[in-house]
Amino acid sequence: MAMDTMKIENKFDREKRIELEKPTEGAAKQINFDELLIAAGEFSIYQILLFFATSPFFLFGVFVYYSQMFITEPSPNHWCWVPELANLSDTERRTLAIPLDDSTKFGYSHCQVYDANWDEVLITGQVPNSTWPTKACEHGWEFNKTEIPYPTITSEMDWICDRGSYQATAQALFFVGSIIGGFLIGWVADRYGRLPAAVYSTLIGCLGGILTTFARNFTEFSIYRFIAGMAYDNCMMMAYLILLEYVTPKYKTMVANMAFALFYTSFTIAMPWISLACGHWKTISIVTSAPLLLAVLAPCCIPESPRWLLSMGRVDEAINKILTISRINKKEIPPKIIEQFKCTVSKETKEESHSCLEIFKRPPIRRTFILMCLEFTCCTIIFDALVRSTGQLGFDFFISFSVISFTELPSMCVVAFIMDWMGRKWMTISCMMLCSVFTLLTVFVGSGVPSVMCTVLARFFVNISYNATMQWTAEVLPTQVRGSGASVVHICGYIGTALSPYIVYLQIYISWLPFVIIAAIAAFGAFIAFALPETTKKDIPQTFNEAEELSRNINLWEMPCLSRPKNVVSGHENESFEM
């Protein structure tokens, strides 16, 4: 089977090469970059090596994004520390000094302690009485170490009760940093190249992480996390985009999903066990930050973006990259093809530039764009909130995190192999509705394994929606503003993630409230998808008129798997991956 596939692909390569080498009458044949890349090898040794060479940047992205969760997560089971009762066991201290409170998850107060003369209580053997006066914790808190067995910055600095919002605020500031970093690193990428942008953003993340280790208070911690946030998620996405530029459209969907499925998922699953092995929040901060310094070695094994080189007029450098690919892939590019490519590039005229504001001047496109921003924001809020709700599931925090993170792998496979069959619209609608159902079930099934399983399924479905929406966004926008429009949608997602920590924080008032809000957001996301156009197996809009026509023709019941094909085509290029 594998040999047959290789024969078919080799035959395709030969046919494509013969087609490119055919003499043309009159004007020289137009050869674009993708056609030149096909001649050098579509997906062979060079692309495979580059695929693995970019893997460290997925590790860097995981470290930057998830490290804060493991250095701030407190044990949900905590109570006031009473130094006079230090000689008693933790259970005895809690039973004697902490008033009962049926409104809390564990049945006793987390912020109040009986106001009593404990030396007298111990001597006389008095039993706690609900009529005793209470007061706020004065000497800090003690935590159930079977849940989070190492000190976090939250437990060390007592960010509990009236300071319980500190964790959420620091996380929100991290995402504010990512918004600023998005603009800054985007400018670097356009001015100096994708590779320098990947390296600089990773070094910024390294700096923010190392500084976090020396934070002495909430203000310093917030500033350092803001700096670290400037690296997210540019440190990963820039290298990822370079990888995609060296793969032809035929393989981009597969590479795009498999890179995340293999690298991002594996590193995310390992993250809780790395934190557990570190044993202290400061060690976690160093261990997840110091490796980012390795990014300075990236220019030794990762090439610059060829499309960026072409956009800067550095045609010879871009051609040298292609010649390197052909040499490693053991393929020879006829000089005639290279000359035709140079001729094509020299004759290309710049397309009329359009501001992203042009989107808002056309009502159909404006409506679609705003709805897509809302759709993606819903996905990011749910994605991040489910991650941060792991500690509220009543099961082992580290096992729960790994199991929930594993859903990335099957969800990527679904997107890669089923989305074109089912369509963007109905896949998003069905997955968001199922996410809503399973998130809501988390409230009713009780804590432990049942709640973890419901969260796993909810995360699985929102992963599918998240990845489908990212691709869907690029497919509804015209070529002239596809890049800038997709960036605006991405920034809306950052704003959503800045809100999600506060949604999770609401559990201190009502334990089930965050899950109800997440379920409502998922249902709203499903409702939004009804008003978006289906793009599966349709030509990507090249002009504003084409995008406007696409936005007008919305068929609620359109589903590719139920549609009769109008004609038979040999393949389908997904142009939404064009840089």
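Refer to the structure above for everything that follows.
Residues numbered from 1 in each chain as written. Predicted model: local features only at pLDDT ≥ 70, side-chain atom pairs only at ≥ 80, totals over all residues. Heavy atoms only, no water.

**Student:** Can you help me understand the overall build of the chain in this one?
**Tutor:** In terms of helices and strands, the chain carries 24 helices and 4 strands. For the chain, buried positions account for 54% of its 579 residues. Just so you have it, the chain exposes about 26100 Å², and 62% of that area is on carbon and sulfur atoms. (Helix = DSSP H or I, 4+ residues; strand = E, 2+ residues; numbered from the N terminus. Buried < 20%, exposed > 50% of the residue type's maximum accessible area, 1.4 Å probe, protein only. Areas by Shrake-Rupley, 256 points an atom, 1.4 Å probe, with all protein chains shown as cover.)

**Student:** What is the right way to read the nonpolar core from this model?
**Tutor:** The tendency in soluble globular proteins is for nonpolar side chains to be buried side by side. Core analysis: the biggest nonpolar cluster contains 90 residues, and Tyr66 and Phe70 have the highest contact counts within it. For this core, the element with the most residues is helix α4 (residues 55-72), which contributes 11 residues. Residues within four places of Tyr66 in sequence aside, it is in contact with Tyr264, Thr268, Met271, Phe383, Val387, Phe401 and Arg459. Formed by 48 residues, the second largest nonpolar core is a distinct cluster that contains Val415, Trp472, Ile518 and Ala522. (Core = buried A, V, L, I, M, F, W, Y, C linked by side-chain atoms within 4.5 Å. Contact = heavy atoms within 4.5 Å.)

**Student:** Teacher, can you tell me more about the pattern of salt bridges here?
**Tutor:** Two side chains that carry opposite charge are able to pair once their charged atoms sit near each other. In total, this model carries 13 salt bridges according to the counting rule given. For Glu138, the salt bridge is made with Lys135, and the minimal N-O distance between the two is 3.2 Å. In this structure, Arg388 and Asp384 form a salt bridge, with 2.7 Å as the shortest nitrogen-oxygen distance. Taken together, the residues span about one helical turn, with Arg388 and Asp384 both in helix α17 (residues 363-388) at a distance of 4 residues. Across the pair, exposure class does not vary: Arg388 and Asp384 are buried alike. Salt bridges linked by common partners bring Glu358, Lys361, Arg362, Glu548 and Arg552 together as one network. (Salt bridge = Lys/Arg side-chain N within 4 Å of Asp/Glu carboxyl O.)

**Student:** Just to check I follow, could you spell out helix α24 (residues 544-552) for this structure?
**Tutor:** Because the α-helix completes a turn every 3.6 residues, residues three or four places apart line up on one side. Listed as buried for α24 are Phe544, Ala547, Glu548, Leu550 and Ser551. Seen end-on, α24 carries its buried residues on one side only, within an arc spanning 160 degrees. α24 presents Asn545 and Arg552 as exposed residues on the side facing more than 90 degrees away from its buried surface. In this structure, the buried residues of α24 make contact with α17 and α21 (449-476). (Arc of directions from axis to C-beta.)

**Student:** Looking at this model, I keep getting lost on a nonpolar patch on the surface. Mind explaining?
**Tutor:** Taken together, the side chains of Leu357, Phe360, Ile370, Leu374, Phe524, Phe527, Phe530, Leu556 and Trp557 define a hydrophobic patch exposed on the protein surface, amounting to about 920 Å² of accessible area. When residues of the nonpolar patch are traced back to their parent elements, those giving at least two are α17 and α23 (513-529). Residue classification places Trp557 among the exposed residues on the basis of a relative accessible area of 64%. (Patch = residues over 30% accessible without salt bridge, like charges linked within 9 Å, V, L, I, M, F, W, Y side chains within 5 Å.)

**Student:** How should I be thinking about the packing of α4 against helix α10 (residues 218-229) in this particular structure?
**Tutor:** Two packed helices can be described by the angle between their axes and the distance between those axes. Their axes nearest at 10 Å, the elements α4 and α10 cross at an angle of 160 degrees. Judged by the angle between their axes, α4 and α10 are roughly antiparallel. Only Phe221, Arg225 and Ala228 of α10 make contact with α4, whose side of the interface consists of Val64, Ser67, Gln68, Ile71 and Thr72. Taken together, the residues of the contact of α4 with α10 break down into 4 nonpolar, 3 polar and 1 charged. (Axes fitted to C-alpha atoms, helices over the stretch in contact; angles between N-to-C directions. Parallel < 35°, antiparallel > 145°, perpendicular 65-115°, else oblique. Nonpolar A, V, L, I, M, F, W, Y, C, P; charged D, E, K, R; others polar.)

**Student:** Explanation requested: the packing of aromatic side chains in the structure shown.
**Tutor:** Two aromatic rings, taken as a pair, are described by how far apart their centres are and by the angle between their planes. What the rule picks out here adds up to 40 aromatic pairs. Judged by centre distance (5.7 Å) and plane angle (90 degrees), the rings of Trp159 and Phe218 are edge-to-face. Here Trp159 is found in the loop between α7 (153-156) and α8 (166-192), whereas its partner Phe218 is found in helix α10, with 59 residues between them in sequence. Comparing Trp159 with Phe218 shows no difference in burial state: the two are buried. Within the aromatic cluster, the residues linked to one another by ring pairs are Tyr65, Tyr66, Phe70, Tyr150, Phe174, Phe175, Tyr232, Trp273, Phe397, Phe398, Phe401 and Tyr494. (Phe/Tyr/Trp six-rings, centres within 6.5 Å; stacked < 30°, edge-to-face > 60°.)

**Student:** Would you take a moment to explain the side chain of Thr152 for this structure?
**Tutor:** With respect to the secondary-structure elements, Thr152 resides in the loop between β4 (141-143) and α7. With near-sequence residues (within four places) excluded, Thr152 lies in contact with Phe70, Ile71, Thr72, Glu73, Pro74 and Trp281.

**Student:** Got a minute to help me understand the state of the cysteines in this structure?
**Tutor:** A disulfide bridge is the covalent bond that connects two cysteines by way of their sulfur atoms. All told, the structure shown has 2 disulfides when counted by the stated rule. Bridging Cys80 to Cys137, the disulfide has an S-S length of 1.6 Å. Disulfide Cys80-Cys137: the torsion about the S-S bond is -55 degrees, which places it as left-handed. Placement of Cys80 in strand β1 (residues 78-80) and of Cys137 in the loop between β3 (134-136) and β4 is noted, with a sequence separation of 57 residues between them. Each member of the pair, Cys80 together with Cys137, is buried. (Disulfide = S-S within 2.5 Å.)

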